[in-house]
Amino acid sequence: MVTRRGFLAGALVSAATPGLAAAPGVSLRPFPRPSALALRTVPSAADLIDAASIGGRVGFAVADAATGQMLETLHPLFPLPPASVTKAITCAYGLDRLGPGFRFRTQVLADGPVLDGRLDGDLWLVGAGDPLFDTDALAGLAQGLRDIGLREVTGRLMVADGALPHFFEIDPSQPDHVGYNPAISGLNLNFNRVHFEWTREANDYAVTMDARSETRRPPVRMAQMQIAERAVPVYTYDQVDGRDQWTVARGALGNGGARWLPVRRPEAYLAEVFQNLSRSFGLRLDSVEFAERAPDGAVLLAEHVSEPLDDILRGMMRWSTNLTAEVVGLHATQAGGVRPVTLAASADEMSAWMAARLGARQADFVDHSGLGDQSRIRPQDMTHALVTAGPNGQLRDLMKLIPVTDAEGATLPGHPVEIRAKTGTLNFVSTLAGYIRTARGRDLAFSVFCADVPRRAALTEAERERPPGGRAYARAARRLHQQLAQRWATLYDV
C-alpha cells in the first residue's frame, strides 16, 4: 500500500523511479518576466470563451500547484461531466489502494495429478482481470503447457473469471457496436474486442471474425456476423445461444474494411481462443465449463504476469482505454473491502475516496473511465485534487505531454511551457485537467470543462457515434483549452 504521506507528497516517482523524475522546477535557460505591455495584451478568459462560441457551459479553475492558491476561476462550483478526465482520479485511486508495483496474474492450474504428460483431473484457466491480456499472452500460456510436457487432460477446461464481477457493458447509452464500450470480466482478452473484417469477392463479401494480436489470428465462432440486405442501421446485435450475433448492412460495406467490435461474454471468448491455441500445441480441451474460482490446492502449471500497475496506467492515460480504467477502479474498490454489484457502486466508492483523500466535496462518478455522461465534478474540486496529488508526483508523471500549439493548431517545437494533462471527450463534452509548468518554472494545476449537456441529451441513437456538429464542437473546445492554458502560463509566470 502507498502511504498517504507518500502519495500526497508526490514522492512516488522521485523515490522509487529516478529515471522518471519530473523536469527541473526552473528552466535551464532563463526567461524574462513578461512585460507589463505583454500582460496587458493577454486576452481575457471571457473574450476567449466568447470567440470559441461553442455553446453550453464552460467552467475552469487554475491554482498555484505548490500552495493551492486559486488564481482564476469561472463557474468553479458548477458540476460538469468530466469525461475521460475521470481516469486521472482512477489513476490516483488505483495507485493508493493497489500500489504502483501491483501486477495482474493469469494462471493455468491443475486440480489433479500430472503424470507422464497426463492430467487426471480438470485444467483451470484463472484470471485476475488483466486489462492488457491478449492473444499472444494466451498463446504463451498454451505453449507453457507444452513445454512442461502436458499432452492430455482427462477432465474439463474450467474457466474462472470471478476475480471481478461481470458487467455486460460500461455504459448502456452507447451504440451496441462501439469497441470502446466492451464487457468487463475477471478474464479479459484483446480489450474484450473481436476483429471483424470484410473483403469484396465478385458480387459478395468474405467475412472473418478473429481474435487477432501482433502475431496470431485465431478464428472465433462465439461472435458471428451476417450481412443483411439493408442500408440502415449499419449494425444490429443480439445474444443467441450464448453467442454474440451481429448483422451488418450490405449497403455500408463498400469495397472492404475492418473494425473492432465489443465482446459481451469475455470468458467464453477467451475459452474458445485458448482451446484453439492449445490444439495448435498438441493439447485437446474438448469440454468447457465456467466457475467463479479454482479449488483450494490446485497446482500452478503456467502463469502470465502483467507489467506493473504504473506502466499500465501510463498507457491508459496515453490511449484512454476504458477497459483498463474500469478494471483498475474495480480492483481498487475491492482492495478497500467492497465487492461492488454495479459499476456505479464501485464509482461511488471512488467518489468517497476522492472526498476523503483529495478533498473533493461534490464528486459524483458513475464509472471509472468517464464514458458515462452522468458523472459530475466541480472544476474547483478537480483542481484541488491535482494540487493535493502534487506537481512533482506520480500522477503528473503518468499524464500525457500536451503540445503547445499556434492559432492554426500546429505544434510549437521547443516551447518553454510544458503542459501535462488528461483530455476527455464525449459528444459535446470536452475536458482537460493537469499541470502547467511555466517558462520560469512555476507549477500550476488546472481543470477546464466544456459541456453542452442539453445538446448532447437531444441526440438520437443513430446520431450518437457521429453527431452533426460534433467534430466542430470538439475542435473549438480543444482550441479553447490551448488558449486558456497559454493565457495562464503567461499571466501567472511570476
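See the structure above.
Source: prediction; values computed, not measured. (Residues numbered from 1 in each chain as written. Predicted model: local features only at pLDDT ≥ 70, side-chain atom pairs only at ≥ 80, totals over all residues. Heavy atoms only, no water.)

Caption draft 1: Just the overall build of the protein chain, in detail. The number of helices and strands found in the protein chain is 14 helices and 20 strands. Its C-alpha atoms give the protein chain a radius of gyration of 25 Å, near enough to 23 Å, the size a compact globule of 494 residues would have. Taken over the C-alpha atoms alone, the protein chain extends approximately 80 × 55 × 40 Å along its principal axes. Across the 494 residues that make up the protein chain, the buried fraction comes to 53%. In the protein chain, the share of contacts with a sequence separation of at least 24, taken over all contacts with a separation of at least 6, comes to 69%. Separation of charge centres in the protein chain, based on 52 positive and 54 negative side chains, amounts to 7 Å. (Helix = DSSP H or I, 4+ residues; strand = E, 2+ residues; numbered from the N terminus. Rg over C-alpha atoms; globule rule 2.2 N^0.38 Å. Buried < 20%, exposed > 50% of the residue type's maximum accessible area, 1.4 Å probe, protein only. Contact = heavy atoms within 4.5 Å. Lys, Arg positive; Asp, Glu negative; His and termini not counted. Charge placed at Lys NZ, Arg CZ, Asp CG, Glu CD.)

Caption draft 2: Structural detail: the sheet that holds strand 4 (residues 114–115). If you trace the three strands from one edge of the open sheet to the other, you get 4-5-7, paired in mixed fashion. The open sheet has two free edges, formed respectively by strand 4 and strand 7 (152–153), since each of these has just one partner strand. (Pairing = 2+ DSSP bridges.)

Caption draft 3: Expanded view of the pattern of salt bridges. Taken as a whole, this structure holds 24 salt bridges when the rule is applied. Between D147 and R146 there is a salt bridge, with the nearest N and O atoms lying 3.7 Å from each other. D147 gets classed as exposed once you look at its relative accessible area, which sits at 54%. In this structure, the salt-bridge partner of D286 is R284, at a minimum N-O distance of 3.2 Å. Residue D286 shares its accessibility class with R284, and that shared class is exposed. A cluster of three or more residues bridged by salt bridges with shared partners is formed by D122, R156 and E289. (Salt bridge = Lys/Arg side-chain N within 4 Å of Asp/Glu carboxyl O.)

Caption draft 4: Structural context of the packing of aromatic side chains. All chains considered together, the criterion is met by 10 aromatic pairs. Connected via pairs of aromatic rings, a cluster forms that spans F168, F196, W198, Y235, Y237 and W246. The positively charged end of R265 is found above the aromatic ring belonging to F290, 5.6 Å away from the centroid. (Phe/Tyr/Trp six-rings, centres within 6.5 Å; stacked < 30°, edge-to-face > 60°. Lys NZ or Arg CZ within 6 Å of the ring centre and 35° of its normal.)

Caption draft 5: Highlighting the sheet that holds strand 10 (residues 204–210). An order of 10-9-14 is seen for the three strands of this open sheet, with the pairing classed as antiparallel. The open sheet has two free edges, formed respectively by strand 10 and strand 14 (256–262), since each of these has just one partner strand. Looking at each pair of strands side by side, their axes are set apart by 20° on average, direction ignored. As judged from the seven bridges shared by strand 9 (residues 193–201) and strand 14, these two strands associate in the antiparallel manner. Residue F196 lies in a different strand from strand 14, and its bridge partner there is R259. (Axes fitted to C-alpha atoms, helices over the stretch in contact; angles between N-to-C directions.)

Caption draft 6: Layout of the packing of helix 5 (residues 86–98) against helix 10 (residues 343–358). As a packed pair, helix 5 and helix 10 sit with axes 10 Å apart at the nearest point and diverge in direction by 80°. Here helix 5 is positioned roughly perpendicular relative to helix 10, judged by the angle of their axes. On helix 10, the residues that touch T86, I89, T90, A92, Y93, D96 and R97 of helix 5 are S346, E349, M350, W353, M354, R357 and L358. Residues belonging to the contact of helix 5 with helix 10 are distributed by class as follows: seven nonpolar, three polar and four charged. (Parallel < 35°, antiparallel > 145°, perpendicular 65-115°, else oblique. Nonpolar A, V, L, I, M, F, W, Y, C, P; charged D, E, K, R; others polar.)

Caption draft 7: How the structure looks around the packing of helix 6 (residues 135–147) against helix 7 (residues 266–280). Remark: helix 6 packs on helix 7, axes separated minimally by 9 Å, with the N-to-C direction vectors making an angle of 50°. Comparing the axis directions of helix 6 and helix 7 gives the class oblique. Between helix 6 and helix 7 the crossing geometry is right-handed. Between helix 6, through T135, L138, A139, L141, A142 and L145, and helix 7, the contact on the second element is made entirely by L270, V273, F274, L277 and S278. Each residue belonging to the contact of helix 6 with helix 7 can be placed in one class, and the counts come to nine nonpolar, two polar and no charged. (Left-handed = near helix turned anticlockwise from the far one by under 90°.)

Caption draft 8: Looking closely at helix 11 (residues 379–389). In terms of burial, helix 11 is a largely internal element, nine of the 11 residues being buried. For helix 11, the complete set of buried residues consists of P379, D381, M382, T383, A385, L386, V387, T388 and A389. Of the residues flanking the end of helix 11, it is G390, one or two places downstream, whose phi is positive at about 100°.

Caption draft 9: Main features of helix 7. The terminal C-alpha atoms of helix 7, which comprises 15 residues, lie 21 Å apart, in line with the 21 Å expected from a rise of 1.5 Å per residue. Most of helix 7 is tucked away: 12 of the 15 residues are buried. Within helix 7, burial applies to P266, E267, A268, Y269, L270, A271, E272, V273, F274, Q275, L277 and S278. Immediately downstream of helix 7, the backbone of G282 shows phi near 90°, a positive value. (Expected span 1.5 Å × (residues − 1).)

Caption draft 10: Fine view of the nonpolar core. Grouped together as the largest cluster of nonpolar side chains are 55 residues, with contacts concentrated most on I89, I184, L313, M354, F365, M382 and L386. Contributions of two or more residues to this core are made by helix 5, helix 8 (309–319), helix 9 (322–335), helix 10, helix 11, helix 12 (394–398), strand 19 (429–437) and strand 20 (443–451). Sort the elements by how many residues they give to this core and helix 5 lands first, with seven residues. Sequence-distant contacts of I184, defined by excluding residues within four places in its chain, comprise P165, H166, F167, I170, N192, L323, E326, V327, L330 and L343. (Core = buried A, V, L, I, M, F, W, Y, C linked by side-chain atoms within 4.5 Å.)

In short, shape yes, function no, at least from these values alone.
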